[in-house]
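Descriptive structure summary
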Amino acid sequence: MLSVVIPAYNEETRLPGALGAVMEYLAGREHEIVVVDDGSSDRTAEIAEKFGCRVVRHPRNLGKGAAVKTGVIASRGELVLVTDADLAAPVTELSKLKDALERGADIAIGSRDVPGARVRRASLKRKLAGRLFNILVRLFTGLPHRDTQCGFKLFRGDAARLLFSLAECRGYCFDVEVLVLAREMGFKVEEVGVSWTDVPGSKVRLIRDGCRMFRELVQIRRRSVGNSSSAIAGTSAPGSASSPVS
């Protein structure tokens, strides 16, 4: 079964279109859609319930990382897709990520900056901010990936639930922390070029959230440096890379 995890904060406008597209694409396949309402003040949860989704609610806004963590831990699928409510990367790109798992990866991360990627309508300011942030990610963590922040990632279910149970970041840098943990635990990650369109209505504010993300990177680096703890060193990646992808 595939679990689709969608974090949502005040997404009553975009959610119907996104859920409709996901349900249409996955029709006939065993799946669940887990929508995490991260303290919304609108009808986000009501709309998700009308579409038959599993809805998990936060009593207040805790942050995107916290919402994704809640959804992944609540998931039940052998595969877990984490995607944004705006479907900037369309769900039809899922097949590319599944191909990566077929090749042996435990995690396939959608990317806007590797061969095969197609980016539409991204502003120059957003492109420059993304590249600057990726430079900082590489400097602070040593991760090799060219795009950690694309909101379209597929995990083997056991790996996803283990990694997110250990993750602490509540904000937008949760992707970086999960990928650092994956490296430390020996999971194989493949970066896959996907189609991506800059959809109006992003809640990310470059200056405000950029400062927060910098602080989160510092915290992730500190935790990574200190991760000689038995919780990490004594845990090995499950031998799931050979399991079938359905």
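Fair warning: this is a prediction, and the values are worked out from it, not measured in the lab.

The rules behind these values
- Residues numbered from 1 in each chain as written.
- Predicted model: local features only at pLDDT ≥ 70, side-chain atom pairs only at ≥ 80, totals over all residues.
- Heavy atoms only, no water.
- Helix = DSSP H or I, 4+ residues; strand = E, 2+ residues; numbered from the N terminus.
- Buried < 20%, exposed > 50% of the residue type's maximum accessible area, 1.4 Å probe, protein only.
- Contact = heavy atoms within 4.5 Å.
- Areas by Shrake-Rupley, 256 points an atom, 1.4 Å probe, with all protein chains shown as cover.
- Polar contact = N/O pair within 3.5 Å; in protein donor to acceptor, adjacent residues only side chain to side chain.
- Arc of directions from axis to C-beta.
- Salt bridge = Lys/Arg side-chain N within 4 Å of Asp/Glu carboxyl O.
- pLDDT = per-residue confidence, 0-100.
- Pairing = 2+ DSSP bridges.

With that out of the way, let us pick up the overall build of the chain. In terms of regular secondary structure, the chain is built from nine helices and nine strands. Counting only residues that meet the buried cut, the chain has 47% of its 246 residues in that class. In the chain, of all internal contacts separated by at least 6 residues, the share reaching a separation of at least 24 is 78%. For the chain, the accessible area works out to roughly 11500 Å², and carbon and sulfur atoms hold 53% of it.

This brings us to the side chain of Glu93. With respect to the element layout, Glu93 can be found in the loop between β4 (79-83) and α4 (94-102). Owing to a relative accessible area of 8%, Glu93 belongs among the buried residues under this scheme. Contact partners of Glu93, with chain neighbours within four places excluded, come to Phe152, Val194 and Ser195.

Right, let's talk about the side chain of Lys153 for a bit. Structurally, Lys153 is set in strand β7 (residues 152-156). Lys153 gets classed as buried once you look at its relative accessible area, which sits at 5%. Reaching out from Lys153, the side chain makes a polar contact with the backbone oxygen of Thr148 at a distance of 2.9 Å. Lys153 has contacts with Val80, Leu81, Val82, Leu97, Ala108, Ile109, Thr148 and Asp175, leaving out every residue within four places of it along the chain.

On to helix α6 (residues 157-166), then. The complete set of buried residues in α6 reads Gly157, Ala159, Ala160, Leu163 and Phe164. The arc that holds the buried residues of α6, viewed along the axis, is 160°, so those residues lie on one side.

Taken as a whole and assessed by the stated rule, the structure comprises 17 salt bridges. Across the pair Arg161 and Asp158 runs a salt bridge, and its minimum N-O distance is 3.6 Å. Separated by three residues within a single helix, Arg161 and Asp158 lie in helix α6, roughly one turn from each other. The exposure class of Asp158 is exposed, given its relative accessible area of 53%. Residues participating in the shared-partner salt-bridge network are Glu11, Arg14 and Asp86.

Further remarks concern the confidence of the model for the chain. Overall, the predicted model of the chain reaches an average pLDDT of 90, with 88% of residues at or above 70. Throughout residues 228-236 the model reports pLDDT below 50, and contacts reaching past four residues in sequence, or to other chains, amount to nine contacts.

What follows covers unusual backbone geometry. If you check the backbone angles, Asn10 has positive phi at about 50° while not being a glycine. For Asn10, the position within the fold is in the loop between β1 (2-8) and α1 (15-25). Asn10 sits in the partly exposed class, given a relative accessible area of 25%. A positive phi angle, near 50°, is found at Leu87, a position not held by glycine. Tracing the backbone through its elements, the reader meets Leu87 in the loop between β4 and α4.

Glancing now at the pairing of β7. Within β7, five of the five residues are buried, which leaves the element mostly enclosed by the surrounding structure. Going residue by residue along β7, you find Phe152, Leu154 and Arg156 tucked away on one face and Lys153 and Phe155 tucked away on the opposite face as well. Pairing between β4 and β7: five bridges, direction antiparallel. Across the sheet, the residue bridging to Val82 is Lys153, located in β7. Bridging between strand β5 (residues 107-111) and β7 involves three bridges; their strand directions are antiparallel. For Ala108, the partnering residue across the bridge sits in β7 and is Leu154.

Turning to helix α3 (residues 64-74), its buried residues number three or more, namely Gly65, Ala66, Ala67, Val68, Gly71 and Val72. Looking at the buried side of α3, the elements it contacts are β1, β2 (31-38), β3 (54-58), β4, α6 and α7 (174-185).

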